[in-house]
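Close look at the chain arrangement
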Amino acid sequence: MSPSLKSGQQLILFRDASELSHIQRLLSGPKALPAVVAIASPDMQRMLAGISKITKCCFIELPEPLFVVSEEVIEIVKKINLWLEALAPNKAVVPRELMRWPYNVEGGLLNQRVQDALLLIRSYLHLIEENDIVVIQGFVRADSIWEDSVLRHVADSRNVPFRLHGEFYAVAPHIRRAIAKLRPFAVAAYYVFNVCRLRGGTNPPIPRAAVAFQLFGSSQKNIANIVPLLLELRRRAHPVVAWCWMASERRARDPADVQITRLGIPAIRLERHLNWGDILGGFIIAIHCALRRREIAIPDLTFRGVDLRKLLQPSFSHFIIAELPQRCRLYRALNNCWRASMPQAMKVWGGAESFEGQITANLNGTNGRVLIFHYWIGASMKWPYTAPKGTIDLFFAKGQHEAALASQEYSLDADRVVIVGQARFEALLDIAANFSRAASRARIGLPERGSLYVAYDPNANLRGLQSELEQYQAAAVLLRVATRNPNVIIAIKPHPSYPIAKLAATLANARLANVVLLPAEISAAHFLNSCDVFITKYSTLILESALIERPTISVLFDNNEHFKVYGDIPVPVHSEEEFESLLTVISASDEEFAKWRDFRVAKQNNELPVYYFRGPRGPSETAIDALLELIRSESDRSV
């Protein structure tokens, strides 16, 4: 061991129980340095009990919110976009919107990867600098290749050796790396196959002067969000049509256009507006960009002394090979459809934040002006990745709080923000009115023997929004409460888009009959209707629970005020101790729970009008009233 390694500590990464024997071996020799062990879950700390030379256990990643790096993410994405725009032939051939990574961060390999890299760098620097680390030791794992590459770059930037054990013998990581390099080509080929498959058939006649709704996926949730407005327009005999693009998703058993057509509403496939030149043209543009530059060549692309170019190179390759050709095809399909039948108004997919919205905004005004309307489905918070200004004409808000946020983010005048509530919440109110709690419990498979039913939504396990640590901490409290109180039923429903495999394993190992992990696909309305109290971090289900007078708890273990989305509607808990203490009190007796419930419901009802509007007319009716009035006024003005 070199002399330089004798004065500090070693950092050992512990990501899986199978690595325990290797850690014991690393610490068994007399010359072994004292160790800080970075663990991936709380369960692992117990496994390390009794091993000498471990001075500290801490988590590999800090549970930091995205807001600590959002400004840097925006600046880095700006640099990337300027560089990408310079690669394109010219704006007449490739609109700039196609070459940009969107600022909105919602998963994927582009801007999400920028944010992930910055959060990981902060975590790894904290581990090294806080603990006087002079050497890092880890074990090869196929599911942490990218994280290990970030750690290696961080370690190199601080001249700390990083030893990855088992690299020579591990086959899975090599296979995973090969797959990662081939993946962009496979995705590109699949996109072309999908476009060709979906081009078959003929689109129905497109109604003139229609209100159009963009759908870029076949998920029932996404379709359910627009169905009430579609049906309200149809009820009023106003022309309405859905513009469906399904070539960028996995093959759906029930594609979006079929689902919409079943409602008696015309739906077109945008893929049918492509010719072979459009399909192949995207590849020509991608090849042009790739020939100009195969690697990221931005000289100052660094964060805290760590070079980001190699870390983001896979994202750049994926963008050029797979995403850019498909974006070009989507742009051509939208442009061709736009010329064939420009609508009066359009609900743009993702609003102005998404690249789909930016492409549509770029088309708007080329052959006439279309009114763009929008509403938010998810939680309303002060989002750092704001949209371009001036692209939204009308916004439907759930309540006063959301109206103020939207007005500020989109630079809208007060008369262009209409408070309507939200149509999808009406289904919950119908279920609460027509089903007893017992009936909803039977419908989703909960046992009918509990004294208190606690519903928990783990929320998204996305770096920057909610860490695995926060999920583990909340689950640990729920398991302890369930162990002490067998009559308390804990019902856990994952979000359909956010798998919780690791958390599910922890729940299964607990083997508690009163902890029920429900399928992700079950009705969220019956889930909420079945419970006595609802727990999550910041999901809109907080608002829905308040609508049917279920008290709610917001688990804010990262203590970040940005996630206090709904004011005083939920009870905020900021630590495991505070959370467990509250659950212990309300589960002690029916009388204690009733007293707490009545107090919380009264407070929720007092706060609710700020966050959700319920008027004499339904949300869909109120929204369509405002939309048609704006269409009429704009038509009169143009005449």
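Residues numbered from 1 in each chain as written. Predicted model: local features only at pLDDT ≥ 70, side-chain atom pairs only at ≥ 80, totals over all residues. Heavy atoms only, no water.

1. Topic: the overall build of the protein
Short version of the rule: Strands are runs of DSSP state E lasting at least two residues, helices are runs of H or I lasting at least four, and both sets are numbered from the N terminus onward. For the radius of gyration, the atoms used are the C-alpha atoms, and the globule rule reads 2.2 Å times the number of residues raised to 0.38. Burial classes: relative accessible area under 20% of the type maximum marks a residue as buried, over 50% as exposed, and values in between as partly exposed (1.4 Å probe, protein chains only). Contacts are assigned to residue pairs with any non-hydrogen atoms lying within 4.5 Å of each other. All accessible areas in this document rest on Shrake-Rupley with a 1.4 Å probe, and a residue is counted as covered only by the protein chains that are shown. When charges are counted, neither His nor the chain ends are considered; positive counts come from Lys and Arg and negative counts from Asp and Glu. Just so you know, the charge point we use is NZ for Lys, CZ for Arg, CG for Asp and CD for Glu.
In terms of regular secondary structure, the protein is built from 22 helices and 20 strands. The C-alpha radius of gyration computed for the protein amounts to 27 Å, which stays within 12% of the reference 26 Å derived for 639 residues, consistent with globular compactness. When the backbone C-alpha atoms are referred to their principal axes, the protein occupies close to 90 × 70 × 40 Å. Put simply, the protein has 639 residues, and 55% of those count as buried. Here the analysis covers contacts within the protein between residues at least 6 apart in sequence; of these, 75% occur between residues at least 24 apart. Surface accessibility of the protein: about 27,600 Å² in total, with carbon and sulfur atoms responsible for 54%. In the protein, which carries 73 positive and 64 negative side-chain charges, the distance between the mean positions of the two groups comes to 6 Å.

2. Let's talk about the sheet that holds strand S2 (residues 35-39)
Our working definition: By this definition, two strands are paired if DSSP reports at least two bridges between them. Where helices are involved, their axes are fitted lines through C-alpha atoms of the stretch in contact, as for all axes, and angles between N-to-C directions lie from 0 to 180°.
Here five strands make up an open sheet; going across it, the order is S3-S2-S1-S4-S5 and the pairing parallel. Lying at the two open borders of the sheet, with one neighbouring strand each, are strand S3 (54-59) and strand S5 (162-165). The sheet shows a mean angle of 20° between the axes of neighbouring strands, taken without regard to direction. Bridging between strand S4 (residues 133-139) and S5 involves four bridges; their strand directions are parallel. Residue pairing across strands places Phe-139 opposite His-165, the latter belonging to S5.

3. Some words on the packing of helix H10 (residues 276-292) against helix H11 (residues 309-340)
Each packed pair of helices is defined by two parameters, the angle between the axes and the distance between the axes. The line we're drawing: We call two directions roughly parallel when the angle between them is under 35 degrees, roughly antiparallel when it is over 145, roughly perpendicular when it lies between 65 and 115, and oblique otherwise. A crossing counts as left-handed when the near helix is turned anticlockwise from the far one by less than a right angle, and as right-handed when that turn is clockwise.
Interhelical geometry of H10 versus H11 gives an angle of 140° and a closest axis separation of 8 Å. As judged from the angle between their axes, H10 and H11 are oblique. When the axes of H10 and H11 are compared, the crossing they make is right-handed. Taking contact as the criterion, the partners of Asp-278, Ile-279, Gly-282, Phe-283, Ile-285, Ala-286, Cys-289 and Ala-290 in H10 are, on H11, Ile-320, Leu-324, Pro-325, Cys-328, Arg-329, Arg-332 and Asn-336.

4. Section: empty space enclosed by the protein
Counted only if it meets this: A 1.4 Å probe that fits into a set of points on a 1 Å grid over the protein atoms alone but cannot get out defines a cavity; an open set with protein on both sides within 12 Å along at least five of seven lines defines a pocket, and lining residues are those with an atom within 4 Å of a point. Grid points are joined across faces, edges and corners, and a volume is the space filled by probe spheres set on the points. Residues are sorted three ways: Asp, Glu, Lys and Arg are charged, Ala, Val, Leu, Ile, Met, Phe, Trp, Tyr, Cys and Pro are nonpolar, and all the rest, Gly among them, are polar.
Counted according to the given criterion, the structure contains six cavities of 30 Å³ or more. Along the walls of the largest cavity sit 15 residues, with Leu-229, Tyr-375, Gly-421, Gln-422 and Ala-423 positioned nearest its centre. Those elements that place two or more of their residues in the lining of the largest cavity are helix H8 (220-235), strand S13 (394-397) and helix H22 (619-638). No other element matches H22, which puts three residues into the lining of the largest cavity. Across the lining of the largest cavity, the residue classes tally to nine nonpolar, four polar and two charged. As for the second largest cavity, its lining consists of Ser-380, Lys-398, Gly-399, His-401, Glu-402, Leu-543, Val-565, Tyr-566, Val-610 and Tyr-611. When residues of the lining of the second largest cavity are traced back to their parent elements, those giving at least two are helix H13 (400-410) and helix H21 (590-611). Here the residues of the lining of the second largest cavity sort into five nonpolar, three polar and two charged.

5. With respect to the pairing of strand S7 (residues 240-244)
Summarising burial for S7: five of the five residues are buried, a large majority. By the alternation rule, side chains of S7 split into Val-240, Ala-242 and Cys-244 and Val-241 and Trp-243, which are all buried. As paired strands, strand S6 (residues 211-215) and S7 are joined by five bridges and run parallel to one another. By the bridge assignment for S7, Ala-212 is matched with Val-241.

6. A word on the pairing of strand S16 (residues 488-492)
Remark: a regular strand shows side chains that alternate across the two faces of the sheet. Rule in force here: Orienting the strands away from the viewer, one traces the path from the first strand over the helix to the second; a clockwise path indicates a right-handed crossover.
For S16, the buried fraction is high: five of the five residues fall into the buried class. Neither face of S16 is exposed, since Val-488, Ile-490 and Ile-492 on one face and Ile-489 and Ala-491 on the opposite face are all buried. Running through helix H16 (residues 468-484), the crossover from strand S15 (residues 452-456) to the neighbouring parallel element S16 is right-handed. Sheet analysis places S16 next to strand S17 (residues 515-517), joined by three bridges and oriented parallel. If you follow Ala-491 over to S17, its bridge partner there is Val-516. As for the winding sense of the linkage, the β-α-β connection from S16 through helix H17 (residues 501-510) to S17 is right-handed.

7. Regarding the nonpolar core
The criterion, for reference: Note on terminology: a nonpolar core comprises buried Ala, Val, Leu, Ile, Met, Phe, Trp, Tyr and Cys residues joined through side-chain atoms within 4.5 Å.
One finds Trp-243 and Phe-396 to be the most contacted residues of the largest nonpolar core, which totals 167 residues. Top element by residues in this core is H11. It accounts for 13 residues. Apart from the residues lying within four places of it in its own chain, the contact partners of Trp-243 are Ala-212, Phe-213, Gln-214, Leu-215, Ile-268, Leu-270, Leu-334, Cys-337, Trp-338, Ser-341, Pro-343 and Met-346. Membership of the second largest hydrophobic core comes to 31 residues, among which are Ile-553, Val-555, Leu-583 and Trp-596.

8. So, the pattern of salt bridges
Condition: Put simply, a salt bridge is a Lys or Arg side-chain nitrogen that is within 4 Å of an Asp or Glu carboxyl oxygen.
Counted by the stated rule, this structure contains 38 salt bridges. Measuring nitrogen to oxygen at the nearest pair gives 3.4 Å for the salt bridge that ties Arg-463 to Asp-116. One end of the pair, Arg-463, is in the loop between S15 and H16; the other, Asp-116, is in helix H5 (residues 111-130), and 347 residues separate them in sequence. When its relative accessible area of 10% is taken as the criterion, Asp-116 is described as buried. Via salt bridges that share partners, Glu-232, Arg-235, Arg-236, Arg-617, Glu-621 and Asp-625 belong to a single interconnected network.

9. Let's talk about helix H20 (residues 576-586)
To keep it simple, the criterion reads: Taken from the helix axis, the directions to the C-beta atoms give the arc we talk about.
Of the residues making up H20, those classed as buried are Phe-579, Glu-580, Leu-582, Leu-583 and Ile-586. Seen end-on, H20 carries its buried residues on one side only, within an arc spanning 160°. Elements that come into contact with the buried residues of H20 comprise S15, H16, strand S18 (533-536), strand S19 (552-555), strand S20 (571-573) and H21.

10. Points about the confidence of the model for the protein
The predicted coordinates should not be examined in detail at positions where pLDDT is low. Basically, it comes down to this: Per residue, pLDDT captures the predictor's confidence, and it can take any value from 0 to 100.
On average, residues of the protein carry a pLDDT of 89, and 96% of them reach 70 or more. A low-confidence stretch, residues 1-6 (pLDDT under 50), is modelled with 10 contacts involving residues beyond four sequence positions or located in other chains.

11. Looking at the environment of Ser-589
Looking at the element boundaries, Ser-589 is found in the loop between H20 and H21. For Ser-589, a relative accessible area of 25% gives the class partly exposed. Sequence spacing of Ser-589 and Ser-451 is 138 residues, and the spatial spacing of their C-alpha atoms is 8.7 Å.

12. Remarks on the environment of Phe-534
Structurally, Phe-534 can be placed in strand S18. On a C-alpha basis, the gap between Phe-534 and Ile-359 in space is 39 Å, while along the polypeptide they are 175 residues apart. Sequence-distant contacts of Phe-534, that is, excluding residues within four places in its chain, are made with Ala-455, Asp-457, Phe-527, Leu-528, Leu-541, Ile-542, Ser-545, Pro-551, Thr-552 and Ile-553.

13. Brief notes about the sheet that holds S13
Here we have seven strands laid out as an open sheet, ordered S8-S7-S6-S11-S12-S13-S14, and parallel in their pairing. Strand pairing shows two members of the sheet lacking a second neighbour, strand S8 (267-269) and strand S14 (417-419), which therefore form its edges. Across this sheet, the average inter-strand angle for adjacent strands is 25°, counted without regard to direction.

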